[in-house]
Amino acid sequence: MPQPITPSDFSEIRWRGHWIWVPEEPVQPSIGLSAAIDPHAQESHGLFRRQFQLDHAPLRAPARITADSRYALYVNGREVCRGPVRSQPRRMHYDLVDLAPYLQTGVNQIAIYVKYYGTPKSYWMPATPNMTLGKTGVLVFEADLGEAGWLVSDPSWKAHKPQAWATERGAAETSPIASGVPIEIFDARRFPHRWKETDFDDSAWGAAQLIPAVHIGGFARTQPPTDPYGPLYPRPIAFLDGEVQRPVAARIETYAGAVDPAIHSPVRRVETTLTMPQLSAQEADNLPLAFDASHDGCVRIVLDMGRIVSGLVGFTLDAPAGAELAAAYVETPLIKPAGMLDSHAGTRYTTRGADDSFEVFDSNGFRYAYLVVHNAAGRVVLRDFQVREQLYPWTHGAAFACSDDDLNRIYAAGIRTVQLNSHDAFLDCPTREQRAWVGDSVVHQMVHLATNQDWRLAWHYLTIGNSPRSDGILPMSVVGEIEAGGGFTIPDWALHWVHGVYNRYRFSGDKDIVKALMPTIERILRWYAPYQTAAGVLKDVIEWNLVDWSSVSTADTSSVLTALWARGLREFAEMADWLEERSSRRWVEGLYARAKAGFEMFWDEARGSYIDHIVNGAPQPEMSQLAGALAICSGLAPADRWPRIVQTITDPQRVVVRSWSGGGGEYSMEKMQKQFMGIYEPDWDVQHEIVSAEPFMSYTVHDAVALAGMADRLPDLYPRWLEFLVDGYDTIGECWGWGTHVHGWSCTPTRDMVFYTLGVTPAEPGYTVARIAPRLGRLTWAKGSVPTPHGLIHVEVEDQRLTLDSPVPVIVAMPGKASLHLSAGRHVVE
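So, a few notes on the structure that sits alongside this text. Just so it is clear, the structure is predicted and the values come from calculations on it, not from any experiment.

## Focus on a nonpolar patch on the surface
Here comes step 1: Together, F676, M677 and I679 line one region of the surface with nonpolar side chains, adding up to about 360 Å² of accessible area.
Here comes step 2: Structurally, the position occupied by I679 is in the loop between α12 (669-676) and β37 (690-691).
Here comes step 3: With a relative accessible area of 38%, I679 lands in the partly exposed category.

Printed below as a string of structure tokens:
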């Protein structure tokens, strides 16, 4: 078997390949030291071809490739890979592949499609260009073909800018929230059909143009490394993959009235059918679907995928040339136009009249696809519709099961949800935004650590999140239009990133990596220091202190922000001690000691937990689960209070669900407008009721329950998540009763069933020793296989018997018994 392709297969620093782009967009040097980012840059597309002869197909053909913004590589008509992964422009990555399985003796054809996004998207941000490079799309490629020599990107390649994609933007086509997900508008009549094939005639195409890096000190180099893309790093994560999903139900509807061709957005075109008279509706068994279309009406096809899916939408249809298909992709049945915080994803396709098969380039997530066929007269047949899922792979082996089938459903739903949100980064949701939020992702990370043997994406989260602003705090979302804009942030999201680094320390034990991240942690913690009062707590912390979608009160002097910061201080101190950084530890312990001394001002003895905040020196009655939970997680609360706090904040008679931002099934624009004006109006009994954490921050509530020695109660808390698993959905939603159906940040029970119910966690950094402390509560049995850097730990608990098989030594902590220290291997503990 050929050896894997690695960076050592290539030259040490400089590439052989050159930066190239299409000849139709000549790049002229700007005047001055450098160019500025063009806020009106147009989306652009490039096709590249290179044909070559091989006397013998090699057994191994190392190749590497990258592009700004995204590419798809084909060899002899077969797709090889897509990339690169999202990254800040100066930390661009390249992909390594072996071309040998795709090559053949004789004529071979390499074809590469490159899409340049132009303006920032939810998962791409433009480079600040020098005088030339960074102003347009670019591609670089090189491959070692053995005896045939090196094949590199240069002017010998044929290149072409097709005119098939629409570049104009319609007014108000999407909301600011959802505008980051591109809408693809494609006219097949203007696209060179079969351009990837060996026998395609590219004689009319021009030669690819070289794009040099023109700036003082740049030497006008056309070969990486160059400004503004940095040294170029090898892809740190696996390629995305997944199953092909097809609809489970379909319906054909006919409407009287034509779709206005002036409407730019395909989503808006679909929504026009909501006000049209419906002439007929018919359920269909499945595809293909055949119907007659007319110019004075339109046909709407509703496809139910049966569950949330995420990937590349593809379809095949027979239709007259010039017929138009507008598609909208949504989570729930379409009953009203999309609001500001709804999904605005869609596709517009104009048929060529033959060979109309198309695959959308960017990933879309949805359950229901609404396709409106219009501007057509005659017979139309939708032959196929599919989604080729593009998700991060789950390595087989890790598992969990228990005596409660409802909990098993929740466990599986958590994995499905997090996988749908695991692309080239952790996403908030694959349907609405696809942003890499720095805070959300810590739950995704921990679910990976508990259920997937491949931890590379869990660690890559820390890499792309390590992009602090000039003042040290992290952007709330990275590698996208939010980071590119440089505006206000959610400061506490950076504290969840700190917890992610702490997880890296505990689970991998990689001192070099953790040490490299410590300066950013210190800058984050120092960012908060000016808001520490003489009493030691945080006051008037600026920017958006979201904490959670629940109604947490943070105005003025905040217990919740103080405790979140203190957790970060404590974790930094532990890692500094591990790294033998004594001065760092002394500094942070001083801040922590002050916070702990002052935190007592939030204690409410009568109610048995901590209040949320103090305003103008007066304690306020608002109390959330999070104030008490974070007091435990940070260690600010004395340990002898922990059981009482847990009893208080999990009392179902006192806990209520409230949110400053939503409820009643959706986001509330009225509530959010009040927030913008600083108006927070409690609508619960603040003297007696306690505000529940939403699913995201429930991870800290569950942490607190476990730290208080009450993990056996968690199986009684997990069933709350069953409210999401209704109406065919097999994913976990964003909030209690509202929000998206597929939010990775909500999946803490999947983590907790492994770490707390089965009880497997690292006892020493890097899992050199594991801790096994099962707490089954009401369950009669539980079993699982838990990933570690050394292999799987297998655990089974039933009838007061623990059976385990571990590749590392373990400490077994059973309730009410002294800890057992056992060697690696198989053991049975009664």
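Still more ground to cover, so stick around.
## Regarding the pattern of salt bridges
Here comes step 1: By the definition in use, this model includes 52 salt bridges.
Here comes step 2: Its salt-bridge partner being R388, residue E79 comes within 3.0 Å of it at the nearest N-O pair. Note that E79 is positioned in strand β5 (residues 78-83) and R388 in strand β24 (residues 378-389), a separation of 309 residues in sequence.
Here comes step 3: Assessed through its relative accessible area of 27%, E79 is described here as partly exposed.
Here comes step 4: Put simply, R432 and E433 hold a salt bridge, and the shortest N to O gap is 2.8 Å.
Here comes step 5: Among the ionic contacts, a cluster of salt bridges with common partners joins R432, E433, R435, E481 and E734.

## As for the sheet that holds strand β44 (residues 820-822)
Here comes step 1: Strand order in the open sheet formed by 4 strands is β38-β39-β43-β44, with mixed pairing between adjacent strands. Two strands bound the open sheet, and with one partner strand each, they are β38 (760-762) and β44. In this sheet, adjacent strand axes meet at a mean angle of 25° when their direction is disregarded.
Here comes step 2: Relative to β44, strand β43 (residues 810-812) runs antiparallel, the two being bridged by 3 bridges.

## So, the side chain of K121
Here comes step 1: Locating K121 in the fold gives a position in the loop between β7 (106-116) and β8 (138-144).
Here comes step 2: In terms of polar contacts, K121 uses its side chain to reach the side chain of T119, at 3.1 Å.

Rules used in this analysis
- Residues numbered from 1 in each chain as written.
- Predicted model: local features only at pLDDT ≥ 70, side-chain atom pairs only at ≥ 80, totals over all residues.
- Heavy atoms only, no water.
- Patch = residues over 30% accessible without salt bridge, like charges linked within 9 Å, V, L, I, M, F, W, Y side chains within 5 Å.
- Areas by Shrake-Rupley, 256 points an atom, 1.4 Å probe, with all protein chains shown as cover.
- Salt bridge = Lys/Arg side-chain N within 4 Å of Asp/Glu carboxyl O.
- Helix = DSSP H or I, 4+ residues; strand = E, 2+ residues; numbered from the N terminus.
- Buried < 20%, exposed > 50% of the residue type's maximum accessible area, 1.4 Å probe, protein only.
- Pairing = 2+ DSSP bridges.
- Axes fitted to C-alpha atoms, helices over the stretch in contact; angles between N-to-C directions.
- Polar contact = N/O pair within 3.5 Å; in protein donor to acceptor, adjacent residues only side chain to side chain.

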